[in-house]
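Survey of secondary and tertiary structure
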Amino acid sequence: MSASGGTKAIVAALSANLAIAVAKFVAFLFSGSSSMLAESVHSVADSGNQGLLLLGGKRAKRQATPEHPFGYGRERYIYAFLVSIVLFSVGGMFAIYEGYEKIKHPHEIEAWYWPVGVLVFAIIAEGYSFRTAIAESNQTRGKLSWTEFIRRAKAPELPVVLLEDFGALVGLVLALGGVGLALGTGNGVWDGIGTLCIGVLLIAIAIVLAAETKSLLLGESAGVEDVEKIKASVVDGDTVTRIIHMRTLHLGPEELLVAAKIAVRHDESAAEIADAINAAEARIRAAVPIARVIYLEPDIYNERAAAAGTNPGKNPDEPATPDEPAASDAPDASATPEAPGGTGGTGTGGGTGSRTAPGAGASSETGASSPSPAASDASAPRDDSGH
């Protein structure tokens, strides 16, 4: 999701909710409807939601610091999580409390035309906001269903706005139904039941959003399509013969970390390996532009060691497939001593059974990498100039 697309949907939702909140409060003051009061609080909470999302988007743009070397992209996840936990829950709990009190102490609705008129206006305004969110989401949703889009989206703003607007529209229908039944039957209990349903709806949405944003906060890998693009970009069939194992992690909605151990031929020089890594990084960024932090560690692949170990990326308890062809004619681990500081080629990052060329480790963030005198230096992120 682009940042601009998310911002446009947030601003549209914020404008609609502020206007609706004022109208609902006025309708509550004239009618005394508890559904209108609950909906007023709901709209105020939604306005606060959009304010937090805008604040999170602004703070996420701060430059990286020595204390936070990977930047502040995840602030967008944090503020989305606050939206789901604090404001939705507050709005939901208040609506449940207000509905319970209305059922316990019902009273007739006065000046019925106020709540009905405001609810109709609110449905139109929320419908416009919801339409904007749908249009913006369709630009990035592709062939995913709406459920899959909400679950897989790496940018939290559009899923939050979509669920907010959907919940608001359903809540308005519930409020209108509660007010209508209360007017038709002369029994104010129906107004309380409508309010209670609104509260349950808000809490249900809060739970869904909390679960999704929690997953983003914990750290999610790149999408399936991006992972396949990265894998296809790394191997050149010449110097880089295969990926031993790879990990990806979203540092923010639009920033991806890629870390991989790659197999190179055992007779390549350090300069040739460095050139191959530089080329692989360029191919990765061309295929997946959000891959801004890349760490590639060269190693010698050993088929026997890989077959005896595990295959990263699958279940840790699932054996690696021993029938894969060897990527190089590296010496057998049992006959060749391991170089100092070398790492295993089993895909676990620490086993034996292969040698690592001295000084072959390399990493980069935005620039090309270069051979390092010490493999341990590969873990240190560099600035945008490549130093």
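Residues numbered from 1 in each chain as written. Predicted model: local features only at pLDDT ≥ 70, side-chain atom pairs only at ≥ 80, totals over all residues. Heavy atoms only, no water.

Description of the overall build of the protein
The following threshold applies: Secondary structure is summarised from DSSP: a helix means a run of H or I of at least four residues, a strand means a run of E of at least two, and numbering begins at the N terminus for each. With a 1.4 Å probe rolled over the protein chains alone, any residue whose accessible area is under 20% of its type maximum counts as buried; one over 50% counts as exposed, and the rest are partly exposed. Should any heavy atoms of two residues lie within 4.5 Å, those residues are counted as being in contact. Surface accessibility follows the Shrake-Rupley procedure with a 1.4 Å probe radius. Residue values consider only the protein chains on display as shielding.
Helices and strands together make up the secondary structure of the protein, namely 10 helices and 4 strands. Along the protein, from the amino end to the carboxyl end, the secondary structure elements read α-α-α-α-α-α-α-α-β-β-α-β-α-β. A burial count over the protein gives 47% of its 387 residues as buried. Taking all contacts inside the protein whose residues are at least 6 apart in sequence as the whole, residues at least 24 apart take part in 72%. Accessible surface, the protein: about 17900 Å² in total, of which carbon and sulfur atoms supply 62%.

Topic: the pairing of strand S1 (residues 240–252)
In plain terms, the rule: Any two strands with at least two DSSP-identified bridges between them are counted as paired.
Taking burial as the measure, the 13 residues of S1 include 10 buried ones, the bulk of the element. Sheet topology places S1 next to strand S2 (residues 255–264); 10 bridges connect them, and they run antiparallel. Note on S2: the bridge partner recorded for His250 is Leu256. Linking S1 to S2, which pair antiparallel, is a turn of 2 residues.

Focus: the layout of surface pockets
In this approach the atoms are scanned with a rolling probe the size of a water molecule, which exposes any empty space left behind. Put simply, the rule is: Throughout, the protein atoms alone are placed on a 1 Å grid, and a set of points is a cavity if a 1.4 Å probe fits but cannot get out or a pocket if it is open with protein on both sides within 12 Å along at least five of seven lines; lining residues have an atom within 4 Å of a point. Grid points are joined across faces, edges and corners, and a volume is the space filled by probe spheres set on the points. Residues are grouped as follows: Ala, Val, Leu, Ile, Met, Phe, Trp, Tyr, Cys and Pro are nonpolar; Asp, Glu, Lys and Arg are charged; all remaining types, including Gly, are polar.
Estimated volume of the largest pocket: approximately 920 Å³. Together, 29 residues line the largest pocket, and Thr140, Arg152, Lys154, Gly223 and Asp226 are the ones closest to its centre. No other element matches the 4 residues that helix H8 (residues 224–234) contributes to the lining of the largest pocket. When the residues that make up the lining of the largest pocket are grouped by side-chain class, the tally is 14 nonpolar, 6 polar and 9 charged.

Side note on the side chain of Asn17
Spelled out, the test is: Polar contact criterion, stated in full: a pair of N or O atoms within 3.5 Å, where within protein one must be able to donate a hydrogen and the other to accept it, and residues adjacent in sequence count only if both atoms are side-chain atoms.
Following the sequence through the fold, Asn17 ends up in helix H1 (residues 3–31). A distance of 2.9 Å separates polar atoms of two side chains, one belonging to Asn17 and the other to Gln50. For Asn17, the contacting residues outside a window of four places in its chain are Ser43, Asp46, Ser47, Gln50 and Glu126.

Describing the pairing of S2
What counts, and what does not: With strands facing away from the observer, any crossover in which the path from the first strand over the helix to the second runs clockwise is taken as right-handed.
For S2, the tally of buried residues reaches 8 of 10 residues, placing the bulk of the element in the interior. Regarding the hand of the β-α-β motif, the stretch spanning S2, helix H9 (residues 270–287) and strand S3 (residues 291–299) is right-handed.

Quick word on a nonpolar patch on the surface
Keep this limit in mind: Residues qualify for a patch when their relative accessible area is over 30% and they have no salt bridge, like charges being joined within 9 Å and the nonpolar side chains of Val, Leu, Ile, Met, Phe, Trp and Tyr within 5 Å. Put simply, a salt bridge is a Lys or Arg side-chain nitrogen that is within 4 Å of an Asp or Glu carboxyl oxygen.
Side chains of Leu29, Phe30, Trp112, Tyr113, Trp114 and Leu183 sit close together on the surface and give an oily, nonpolar patch of about 670 Å² of accessible area. At the level of secondary structure, the elements contributing two or more residues to the nonpolar patch comprise H1 and helix H4 (113–141). Topologically, Leu29 is positioned in helix H1.

A closer look at the nonpolar core
For clarity, the threshold we go by: Residues belong to one nonpolar core when they are buried, are Ala, Val, Leu, Ile, Met, Phe, Trp, Tyr or Cys, and are joined through side-chain atoms within 4.5 Å.
The biggest cluster of nonpolar side chains holds 38 residues, and the ones touching the most others in it are Leu53, Phe88 and Val161. The set of elements that each furnish at least two residues to this core consists of H1, helix H2 (34–59), helix H3 (75–104), H4, helix H5 (146–152), helix H6 (157–185) and helix H7 (189–218). Top contributing element to this core by residue count: H6, with 9 residues. In this structure Leu53 touches Ile10, Ala80, Val83, Glu157, Val160 and Val161, once residues within four positions along its chain are discounted. Counting 21 residues, the second largest nonpolar core, distinct from the first, contains Ala222, Val234, Leu256 and Ile284.

As for the packing of H8 against H9
Put simply, the test is: Throughout, an axis means a line fitted to C-alpha atoms (over the contacting stretch in the case of helices), and angles, computed between N-to-C directions, take values from 0 to 180 degrees. By definition in this entry, angles of less than 35 degrees are roughly parallel, angles greater than 145 are roughly antiparallel, angles of 65 to 115 are roughly perpendicular, and the rest are oblique. It is the rotation of the near helix from the far one that decides the hand of a crossing: anticlockwise by less than a right angle makes it left-handed, clockwise makes it right-handed.
One way to put it is that H8 packs onto H9 with a least axis distance of 8 Å and a crossing angle of 150°. Taken together, H8 and H9 sit at an angle that is classed as roughly antiparallel. Crossing hand, H8 versus H9: right-handed. Listed contacts from H9 to Lys229, Ile230, Ser233 and Val234 of H8 are Ala280, Arg283, Ile284 and Ala287.

Thoughts on empty space enclosed by the protein
Considering all chains together, one arrives at 3 cavities of 30 Å³ or more under this definition. Of the voids in this model, the largest cavity is the one considered here, and its volume is about 70 Å³. Taken together, Ile150, Arg151, Ala153, Ala155, Pro156, Pro159, Val160, Leu209, Glu212, Thr213, Leu216 and Glu220 form the lining of the largest cavity. For the lining of the largest cavity, the secondary-structure elements that each account for two or more residues are H5, H6 and H7. A total of 4 residues in the lining of the largest cavity trace back to one element, the largest contributor, which is H7. Broken down by class, the residue content of the lining of the largest cavity amounts to 8 nonpolar, 1 polar and 3 charged.

Focus on the packing of H2 against H6
Interhelical geometry of H2 versus H6 gives an angle of 170° and a closest axis separation of 10 Å. Looking at the two axes, H2 sits roughly antiparallel to H6. Judged by residue contacts, Ser35, Glu39, His42, Asp46, Asn49, Gln50 and Leu53 of H2 engage Glu157, Val160, Val161, Glu164, Gly167, Ala168, Gly171, Leu172, Ala175 and Val179 from H6. Looking at the contact of H2 with H6 residue by residue, the classes come out as 7 nonpolar, 6 polar and 4 charged.

Without other data, these values stay purely geometric and don't point to any function.
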